[in-house]
Amino acid sequence: MDIDTRLLRYFIAVAEEGSLTRAAERLFVSQPALTKQIRQLEIQLGMRLFTRSRAGMALTEPGQALAKRVPALLAGWDQVLRETKHVANRAARLLRVGFIASAANEATQHIVAAFARRRPGWRVDMRQAAWSNPAAGLADGDVDVALLRLPFPGQDTLRVEVLFAEPRWVALPTAHPFATRDLIPFRDLWDEPFVAAPSETGRWRDYWLAADERDGHPVRVGAVTDHPDDWLSAIANGYGIALAPESAARFYARPGVTYRPVGGVSPSQVGVAWAPAGDTDPVIQDFVRCCMESSPPRPDATVT
């Protein structure tokens, strides 16, 4: 019997969450679609895996037995895929580099050019990730190295070198009363609704809401988005404001959105990150060196 690994991933998400609603949010699928997939798995296996009730989804005995085995099975398969892709990419002289939004800003082109000089015949494949994946595929082995905004979930398990820092500004609807100010104290923004990343991004979401820099003042979330275009639309439409790197004013200029400096909030750091296994990979280490040489730290990054 052949089972689609996607069905097993859906199954384990429901098992861990104990709720179709929460699992659907975690997987970014609709609840009806998830229900259909779970039912398909039960039909293929010929057994019920969950008992459904108002309290949620409880595993049956066969479901419990399957739930014990599936994580290791999926982890093993993921490792096989990572190793196979790695071998294929090395044979093709391809380095996969994940990034979030603007990556290392204007330094990105210099980094890629420096790597091309250091590794003639190699190509850098830049892969942009959604904000729901703030490690840009590095944690899952989908990329070899990544240019990321710090902090991000799973950062403590990876190697990270900080490249530079830049101030955090605020993106506002152009009609907002604060949009004409030269500098906005962060305290003045505490009661504003914010456009936030998905909740499952954890530390990433909290950092861009400056949750730890509000003296305990609660955050108001006006909208949740996962991509820059949706983020810009939510701000322009007046659903909320958002903290953003200073460089967003250059990379994400849009009618209806105004960027202003913010005082009293810490700067944003950009880093290059890789898995510990990359410590002995000369190609990855060459790319890291190019990042360090092409992106000197900026001492003027702090806005007070």
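What counts and how
Residues numbered from 1 in each chain as written. Predicted model: local features only at pLDDT ≥ 70, side-chain atom pairs only at ≥ 80, totals over all residues. Heavy atoms only, no water. Pairing = 2+ DSSP bridges. Helix = DSSP H or I, 4+ residues; strand = E, 2+ residues; numbered from the N terminus. Right-handed = clockwise from strand over helix to strand, strands pointing away. Buried < 20%, exposed > 50% of the residue type's maximum accessible area, 1.4 Å probe, protein only. Lys, Arg positive; Asp, Glu negative; His and termini not counted. Salt bridge = Lys/Arg side-chain N within 4 Å of Asp/Glu carboxyl O. Polar contact = N/O pair within 3.5 Å; in protein donor to acceptor, adjacent residues only side chain to side chain. Contact = heavy atoms within 4.5 Å. Axes fitted to C-alpha atoms, helices over the stretch in contact; angles between N-to-C directions. Parallel < 35°, antiparallel > 145°, perpendicular 65-115°, else oblique. Nonpolar A, V, L, I, M, F, W, Y, C, P; charged D, E, K, R; others polar. Core = buried A, V, L, I, M, F, W, Y, C linked by side-chain atoms within 4.5 Å. Patch = residues over 30% accessible without salt bridge, like charges linked within 9 Å, V, L, I, M, F, W, Y side chains within 5 Å. Areas by Shrake-Rupley, 256 points an atom, 1.4 Å probe, with all protein chains shown as cover.

**Q** Explanation requested: the pairing of strand S4 (residues 123-129) in the structure shown.
**A** Within a regular strand, side chains alternate between the sheet's two faces. For strand S3 (residues 94-100) and S4, the ladder comprises seven bridges, and the chain directions are parallel. Each bridged residue has a counterpart across the sheet, and for Leu95 the counterpart in S4 is Val124. Following the chain from S3 across helix H5 (residues 107-118) to the adjacent parallel S4, one finds a crossover that is right-handed.

**Q** Where do I start with the side chain of Asp226 in this structure?
**A** Its place among the elements puts Asp226 in the loop between strand S10 (220-224) and helix H7 (228-236). Here Asp226 sits buried without a salt bridge, and the closest side chain of opposite charge, Arg205, lies 10 Å off (N-O distance). Polar side-chain contacts of Asp226 include one of 2.5 Å to the backbone nitrogen of Ser132. In this structure, Asp226 is in contact with Ala130, Trp131, Ser132 and Pro198, ignoring residues within four places of it in sequence.

**Q** I would appreciate a short explanation of the packing of helix H2 (residues 20-27) against helix H3 (residues 31-45) in the present structure.
**A** When two helices pack together, their arrangement is given by the angle between their axes and by how far apart the axes lie. Close contact between H2 and H3 brings their axes to 9 Å; oriented N to C, the two are set at 105 degrees. The angle between the axes of H2 and H3 places the two elements in the roughly perpendicular class. Between H2 and H3, the contacting residues are Leu20, Thr21, Ala23, Ala24 and Leu27 on the first element and Gln31, Leu34 and Thr35 on the second. Its residues placed into classes, the contact of H2 with H3 shows five nonpolar, three polar and no charged.

**Q** I keep staring at the nonpolar core and nothing clicks. Help me out?
**A** In globular proteins that are soluble, nonpolar side chains generally tend to be buried together. Core analysis: the biggest nonpolar cluster contains 48 residues, and Ile100, Val170, Phe186, Leu189, Trp231, Leu243 and Tyr259 have the highest contact counts within it. Secondary structure elements with two or more residues in this core: strand S5 (145-150), strand S7 (168-173), strand S9 (193-196), helix H6 (203-208), H7, strand S11 (242-245) and strand S12 (257-263). Ile100 has contacts with Ala129, Ala130, Trp131, Asn133, Pro134, Ala136, Leu147, Leu148 and Trp204, leaving out every residue within four places of it along the chain. Listed in part, the 24 residues of the second largest apolar core include Ala103, Trp122, Val124 and Val270.

**Q** I tried to follow the sheet that holds S4 on my own but got confused; where do I start?
**A** Backbone-to-backbone hydrogen bonds join strands into a sheet, with any given pair of strands oriented parallel or antiparallel. Pairing in this open sheet of five strands is mixed, and the strands run S4-S3-S5-S13-S6 from one edge to the other. Looking at which strands have only one partner, the edges of the open sheet turn out to be S4 and strand S6 (159-166). Adjacent strand axes in the sheet meet at a mean angle of 25 degrees, parallel and antiparallel pairs treated alike. Pairing of S6 with strand S13 (residues 268-274), which is carried by seven bridges, proceeds in the antiparallel orientation. Pairing of Arg159 across the sheet is with Trp274, part of S13.

**Q** Help me understand the side chain of Ser268, please; the structure alone is not making it clear to me.
**A** Tracing the backbone shows Ser268 in strand S13. In this structure the side chain of Ser268 is engaged in a polar contact, spanning 3.0 Å, whose partner is the side chain of Arg149. Residues in contact with Ser268, not counting those within four places in the same chain, are Arg149, Phe164, Ala165, Glu166, Arg168, Tyr207 and Trp208.

**Q** Could you clarify how one ought to interpret a nonpolar patch on the surface in this entry?
**A** Nonpolar side chains collect at one region of the surface, where Trp77, Val80 and Leu81 lie side by side and expose about 250 Å² of accessible area between them. Residue position: Val80 is located in helix H4 (residues 61-91). The partly exposed category is assigned to Val80, whose relative accessible area is 41%.

**Q** Which parts of the structure should I look at to understand the sheet that holds S11?
**A** The four strands are arranged S8-S12-S7-S11 in an open sheet whose pairing can be described as mixed. Bordering the open sheet on either side are strand S8 (184-185) and S11, each of which pairs with just one other strand. Where S8 meets S12, two bridges bridge the pair, whose relative direction is parallel. In the sheet register, Pro185 faces S12, and the bridge partner there is Gly263. Seen against the sheet, H7 touches S7, S11 and S12 and runs at an angle of roughly 90 degrees to S12.

**Q** How should I be thinking about the environment of Glu61 in this particular structure?
**A** Positionally, Glu61 belongs in helix H4. Assessed through its relative accessible area of 69%, Glu61 is described here as exposed. For Glu61 and Ser247, which are 186 residues apart along the polypeptide, the C-alpha to C-alpha distance reads 53 Å.

Structural measurements only, silent on function.
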